[in-house]
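Given next are the chains, with one letter for each unit.
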Amino acid sequence: MPSTASRLGSTHGTQTPPPQRRWVAQSPREPKRQGSASEQELSPVRQEAHGGRGCCHTDCLEAPLSVAFRRLGAAIASHPWAFLLAPVLLTAALGSGLVFLPEDSESLEEQYTPIGSPAKAERRFVQGHFSTNDSYRFSASRMSSESHFASILVVSRNESLLEEDIFQEVNRLDQAVQALSAVQEDGTQIPYSTVCAKYKELCVPPNPLLVAWQNDSLLLDLKNLTFPVYNMSGHIIYMASFFGGNVLGQEMGQSRHLIKSKALRLLYYLKTEQDEDSKRSKAWLNHFMDQFRDMTSALALDKIKVVFLTSLFKQRELKATSKTVIPLFHLSYSLVILFAVISCFRVDCIRNKMWVAILGVVSVAMSVVSSFGLMLHIGVPFVIIVANSPFLILGIGVDDMFIMISAWQRTSLGDSIKDRLSNVYSKVAVSITITTLTNIFAFYTGITSSFRSIQYFCIYTGTTLMFCYIYCITFFGAAMALDGKREVGCLRWVEKASSRYSSLKKACCIPFGSNLYEHGDDNHPMDLFFRDYFGPFLTNAKVKFLVVLLYISYLISSIYGCYQVKEGLDLRNLASDDSYIIPYFNTEEEFFSYYGPRVMVIVSESVDYWDEDIRQKLEKCMITFEENGYVDKNLTRFWLQAYLQYLNNSGNDPNNKNTFMNNISGFLSIFPFFTYDINFSSYEITSSRGFIQTIQVSSSDKKKRMLFQLRNIAKNCEVPVMVYNHAFIYFDQYSVIIENTIRNVLIASLAMFVVALLLIPHPVCSLWVTFAIASVIVGVTGFMALWRVDLDSISMVYLIICIGFSFDFSAHISYAFVASSEDTVNKKLVEALYMLGYPVLQSAVSTILGVCVLAVAKAYIFRTFFKIMFLVMLFGVAHGLIFIPVFLTFF
């Protein structure tokens, strides 16, 4: 990032920087000494802070820090090899931690769902009060956690798949799947029949209607089905989640006539509860995924199209996605090295800094290795979004390198290396410290997030920034000192008068006859552009009016975009573009989006079910659930309703406790599927549960509304009730994502304000920094929504980055303006842009170069990083070079 504080003391690092202008005044306390002018120059920040223009300044920290860094520069110049080798040895030691990089991908639930979410507490309650048995009485809706499964979506190539020939083709597919057998490392076969979840002695059917057709195709009339419930000779078949793309006809009881159906689902549940069963199930699923394409090709399915998904997709896809970015690391670092070499190349071979620039990039790479190694040594988990960090660090570290080189180029070859490096450090080290601190604080505020993935990203990136800063002022400073010795050696070689090739040497090494002892007082063309063209252009009254209109348009568009933000993490965004899960989720969204998860309604405490008043309260609560717009009232199932009917049919009194309790065992023997819905203890029912079917919750907004409304209904029930489905673990992110984003942004912004107030010697700047941070964040949030980037735990962490970059782009442009000695606001504007316009532009370009390769990444996670960083750079530069300067002239 642009160390824009430092841009007051130094400009870009590409060419010879602009001269020391009027705003760099000679210290009145020290006369200028011949031959060591650079030694006597104060940093521009300090000079302006002492300029005595009657303003309030806050340089209580900046001034002593500048003195301390001058001494550090002298120490590095005296012992360059020590400061060069120490970071190398430290990197080698800490880099050994990279051997702990995890081979297995992280847990999606652990990293990308809120810490301490209500659904996790609800799950603990369910696991503590209701048992399950996937080896004998499996029920998907009763599972507290996601089971292992393989799901196949079958889409007819005709208008409907309710045809005998199509069912025959689906039947061949089902038989082929169930015939698959995996092989363990010891050669043991794992057939499907040994790992499938079972109800009694049989595997749970993948599709209840398909199994009914397989058992008796003549009895089942595919043209006379009802949906979502079909009564086949007294046997009830629930088809809600198994058929999609339906065309329904007239009502037939609580269901409707199923005229056409475009797609069906085959869902193969596997054993999960026991560790050994889970291990074998995973082996079978891996074999299934490896064989699926070959299997379907061999079947020659010409009437249907199929897509598949397994419960292992989260782990496998996260691991595969992380590998797609590895080639981009090499490309990114190559681009930045090329940019650094071109920027620091000079025809003057004495002052040429190509090799120093390469060492600057090496310094950044060392910081990444050291930080990542340290984090892995101490056990901080490595999550996939951390893979974005090196691209970001590359841009920030290179910017600081340019600042150091630029300040060095302004020193005189006639001074000693100790004096030159001391002068460089006194000018730029404080400003680099300011911008590094703001960025580190911005990232460390992410530790307060409710998402572990964000916490770990911020810890890794903040720590890497710290190492980058340390290596910049040690390793890279030592490299400059050693290169300074090369300059001296080159200079002496060129100046040898005894050589008969002296003129040729000088013509080759100093081609334009420049002064070997110059202070770099030549003007770069871009500085002249900002001074002579762009600055005066902005001072025109009509242009200012257009700038105000442009900002209003920007703000309106940004606010509109903020209202279009979609919340939550779409699972498709965790996979690469060519992943098999993308067509699966697209097909599911197209044909199976109407029915949502089947939700448990849990009576969480012991109540007197035999009390009629209690039962009426329970019935009232269930009716309230059924009346909700996200619930299908025809698919509610509650053991108490069936039990009351059972008691009434047998002539028993449901209002008598003994009768009520004594008859439950007989009821469960007839209706065994209710066995795991009633929790007994000491002749009382400590908890029980029923089920409701949610509908129309395909979007993240609807999921959030549904979850909020169902929990609110449960809270207002007159009996203690809670709702739960294992999908709620992921739905909870929708309710906290905005809250987390706002909290993190406010905390980081406050940290930026405090740092600006303490380290930038002008309090007015802090107010403009705060304004710029708020404006850029609003813009990035709004335009990222318009660019189809959702607000989730991935993009939220990238928004935190906006704060540090917004600070860098705006803080010191505004300070250069208010600290200018010019007598009119327009002249102040021109001078501020003259001093800092090109460094701000250059640092934005270098940062974009560091992340631009991610634009072609195959994964949403990495493309999102590029999109947000591009928006941050674009809007940050617009504020720093256009909006802030113009607005300052109004106030």
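This one's a predicted model, so the numbers in the text were calculated from it and none came from an experiment. (Residues numbered from 1 in each chain as written. Predicted model: local features only at pLDDT ≥ 70, side-chain atom pairs only at ≥ 80, totals over all residues. Heavy atoms only, no water.)

K.L.:
Outline the overall build of the chain, supporting the account with residue identities and numerical values.
P.N.:
Each helix and strand counted, the chain has 31 helices and 16 strands in total. Buried positions account for 59% of the 891 residues belonging to the chain. Approximately 35800 Å² of the chain is accessible, and the part contributed by carbon and sulfur atoms is 58%. (Helix = DSSP H or I, 4+ residues; strand = E, 2+ residues; numbered from the N terminus. Buried < 20%, exposed > 50% of the residue type's maximum accessible area, 1.4 Å probe, protein only. Areas by Shrake-Rupley, 256 points an atom, 1.4 Å probe, with all protein chains shown as cover.)

K.L.:
Give a detailed account of helix H5 (residues 80-95), specifying residues and quantitative values.
P.N.:
Between its first and last C-alpha, H5 extends 23 Å over 16 residues, near the 22 Å set by a 1.5 Å rise per residue. The set of residues buried in H5 consists of Pro80, Leu84, Pro87, Thr91, Leu94 and Gly95. The buried residues of H5 all sit within an arc of 115° when viewed along its axis, so they share a single face. Of the residues in H5, the exposed ones pointing more than 90 degrees away from the buried face are Trp81, Leu89 and Ala92. (Expected span 1.5 Å × (residues − 1). Arc of directions from axis to C-beta.)

K.L.:
Go over the packing of helix H12 (residues 313-324) against helix H13 (residues 326-344), please, and point to the residues and values.
P.N.:
Contact geometry for H12 and H13: axes closest at 4 Å, N-to-C directions at 25°. When the axes of H12 and H13 are compared, the pair comes out roughly parallel. Contact residues: Ser322, Lys323 and Thr324 in H12; Ile326, Pro327 and Leu328 in H13. Of the residues that constitute the contact of H12 with H13, the class distribution is 3 nonpolar, 2 polar and 1 charged. (Axes fitted to C-alpha atoms, helices over the stretch in contact; angles between N-to-C directions. Parallel < 35°, antiparallel > 145°, perpendicular 65-115°, else oblique. Contact = heavy atoms within 4.5 Å. Nonpolar A, V, L, I, M, F, W, Y, C, P; charged D, E, K, R; others polar.)

K.L.:
Describe unusual backbone geometry, listing the residues and the values that go with them.
P.N.:
At the junction of Phe227 and Pro228, the peptide bond is cis and its omega measures out at 10° in the coordinates. Along the polypeptide, Pro228 turns up in the loop between strand E6 (225-227) and strand E7 (229-232). The backbone of Gln696 sits at a positive phi, close to 55°, despite the residue not being glycine. Mapped onto the elements of the fold, Gln696 is located in the loop between strand E15 (685-695) and helix H26 (700-716).

K.L.:
Can you tell me about the pattern of salt bridges, naming the residues and giving the values?
P.N.:
It is possible for side chains of opposite charge to pair when their charged atoms get near one another. Following the criterion strictly, the structure yields 20 salt bridges and no others. Because the salt bridges share partners, they merge into one network encompassing Lys353, Arg420, Asp483, Arg486 and Glu487. (Salt bridge = Lys/Arg side-chain N within 4 Å of Asp/Glu carboxyl O.)

K.L.:
Break down the packing of H13 against helix H15 (residues 389-409) for me, citing the residues and quoting the values.
P.N.:
With their axes 11 Å apart at the nearest point, H13 and H15 run at an angle of 15° to one another. With respect to H15, the axis of H13 lies roughly parallel. Note on packing geometry: the crossing formed by H13 with H15 is right-handed. Along its contact with H13, which presents Leu328, Phe329, Ser332, Tyr333, Val336, Phe339, Ala340, Ser343 and Cys344, the element H15 presents Pro390, Phe391, Leu394, Val398, Met401, Phe402 and Ile405. Tallied by class, the residues present in the contact of H13 with H15 amount to 14 nonpolar, 2 polar and no charged. (Left-handed = near helix turned anticlockwise from the far one by under 90°.)

K.L.:
Got a sec to walk through the pairing of strand E12 (residues 595-603)? Specific residues and values, please.
P.N.:
Burial within E12 is extensive, with 9 of its 9 residues counted as buried. By the bridge criterion, 7 bridges tie E12 to E15 in an arrangement that is antiparallel. Looking across to E15, one finds that Val601 is bridged to Gly690. Relative to strand E16 (residues 721-724), E12 is paired through 4 bridges, and the arrangement is antiparallel. Opposite Val601, over in E16, you have Val723 as the bridge partner. (Pairing = 2+ DSSP bridges.)

K.L.:
Which residues make up the state of the cysteines, and what are the values?
P.N.:
Linking two cysteines covalently through their sulfur atoms gives a disulfide. One pass over the full model with this rule turns up 2 disulfides. Covalent S-S linkage joins Cys196 and Cys203, the inter-sulfur distance amounting to 1.8 Å. Between Cys196 and Cys203 the sulfur-sulfur dihedral comes to about -65°; the bridge is accordingly left-handed. The exposure class of Cys203 is partly exposed, given its relative accessible area of 24%. (Disulfide = S-S within 2.5 Å.)

K.L.:
Could you give an account of a nonpolar patch on the surface, naming the residues involved and the relevant values?
P.N.:
Among the surface-exposed residues, Phe545, Leu546, Leu549, Ile552 and Ile556 lie close enough to one another that they form a single nonpolar patch of about 500 Å² accessible area. Tracing the sequence through the fold places Leu549 in helix H20 (residues 541-562). (Patch = residues over 30% accessible without salt bridge, like charges linked within 9 Å, V, L, I, M, F, W, Y side chains within 5 Å.)

K.L.:
Before we move on, could you go through the side chain of Asp483 and cite the residues and values that matter?
P.N.:
With respect to the element layout, Asp483 can be found in helix H17 (residues 452-495). Residue Asp483 is classed as buried on the basis of its relative accessible area, which comes to 9%.

K.L.:
Account for the nonpolar core, with residues named and values stated.
P.N.:
Residues Ile385, Tyr425, Met480, Val780, Tyr798, Phe862 and Phe865 are the most contacted members of the largest nonpolar core, which totals 157 residues. If we skip the residues at most four places from it in the chain, Tyr425 touches Phe69, Arg70, Leu72, Gly73, Ile76, Met404, Val430, Cys472, Ile473, Thr474 and Gly477. The next biggest cluster of nonpolar side chains, apart from the first, holds 73 residues, and it includes Ala197, Met239, Leu266 and Leu312. (Core = buried A, V, L, I, M, F, W, Y, C linked by side-chain atoms within 4.5 Å.)

K.L.:
So what about the side chain of Gln733? Which residues, and what values?
P.N.:
Locating Gln733 in the fold gives a position in helix H27 (residues 728-759). Sequence-distant contacts of Gln733, defined by excluding residues within four places in its chain, comprise Tyr112, Pro114, Phe451, Gly568 and Leu569.

K.L.:
Residue-level account of helix H23 (residues 639-649), with values.
P.N.:
The complete set of buried residues in H23 reads Trp639, Leu640, Tyr643, Tyr646 and Leu647. The buried side chains of H23 occupy one side of the element, clustering within an arc of 120° when seen end-on. Residues of H23 that are exposed and point over 90 degrees away from its buried face: Gln645, Asn648 and Asn649. Buried residues in H23 make contact with helix H22 (612-627), strand E13 (631-638), helix H24 (657-662), helix H25 (664-670), strand E14 (678-680) and E15.

K.L.:
Talk me through the environment of Gly462; I want residue IDs and the actual numbers.
P.N.:
Here Gly462 is to be found in helix H17. Distance from Gly462 to Leu437, taken between C-alpha atoms, is 9.5 Å for residues 25 residues apart in sequence. With residues up to four places along the chain from it excluded, the contact list for Gly462 reads Ile440, Phe443 and Tyr444.

K.L.:
Provide a residue-level description of the confidence of the model for the chain, including the pertinent values.
P.N.:
On average, residues of the chain carry a pLDDT of 82, and 88% of them reach 70 or more. The weakest mean pLDDT in the chain belongs to helix H2 (residues 37-40) at 34; the strongest belongs to E16 at 96. Low pLDDT, under 50, characterises residues 1-58; the stretch is placed with 187 contacts to residues that sit more than four places away or in other chains. Contacts from residues 516-522, a stretch scored under 50 in pLDDT, to residues over four places away or in other chains number 31 contacts. (pLDDT = per-residue confidence, 0-100.)

K.L.:
How would you sum up the packing of aromatic side chains? Please name residues and give values.
P.N.:
Per the counting criterion, the structure on display carries 50 aromatic pairs. Site record: aromatic cluster; members linked through ring pairs are Tyr609, Trp610, Phe638, Trp639, Tyr643, Tyr646, Phe660, Phe667, Phe671, Phe673 and Phe674. Sitting above the plane of the Phe592 ring, Arg265 keeps its charged end 4.7 Å from the centroid. It is Arg531 that lies over the ring of Tyr834; its NZ or CZ is 5.1 Å from the centre. (Phe/Tyr/Trp six-rings, centres within 6.5 Å; stacked < 30°, edge-to-face > 60°. Lys NZ or Arg CZ within 6 Å of the ring centre and 35° of its normal.)

K.L.:
So what's going on with the pairing of E7? Residues and values would help.
P.N.:
Both E7 and strand E8 (residues 235-238) contribute to a ladder of 4 bridges, which runs antiparallel. Bridging across to E8, Met232 finds its partner in His235.

K.L.:
Pulling in residues and values, what's your account of the environment of Val754?
P.N.:
Structurally, Val754 can be placed in helix H27. Between the alpha carbons of Val754 and Ser766 there is a distance of 8.1 Å; along the sequence they are 12 residues apart.

K.L.:
Before we move on, could you go through a negative patch on the surface and cite the residues and values that matter?
P.N.:
Taken together, the side chains of Asp608, Asp611, Glu612 and Glu684 define an acidic patch exposed on the protein surface. Among the structural elements, Asp611 can be located in the loop between E12 and H22. (Lys, Arg positive; Asp, Glu negative; His and termini not counted. Charge placed at Lys NZ, Arg CZ, Asp CG, Glu CD.)

K.L.:
Any details on the environment of Val126? Residues and values, ideally.
P.N.:
Within the secondary structure layout, Val126 lies in helix H7 (residues 118-129). With a relative accessible area of 1%, Val126 lands in the buried category. When the C-alpha positions of Val126 and Met143 are compared, they lie 8.9 Å apart, and in sequence the two are 17 residues distant. Dropping the residues within four chain positions of it, Val126 is found in contact with Ser144, Met600, Ile602, Arg689 and Tyr724.

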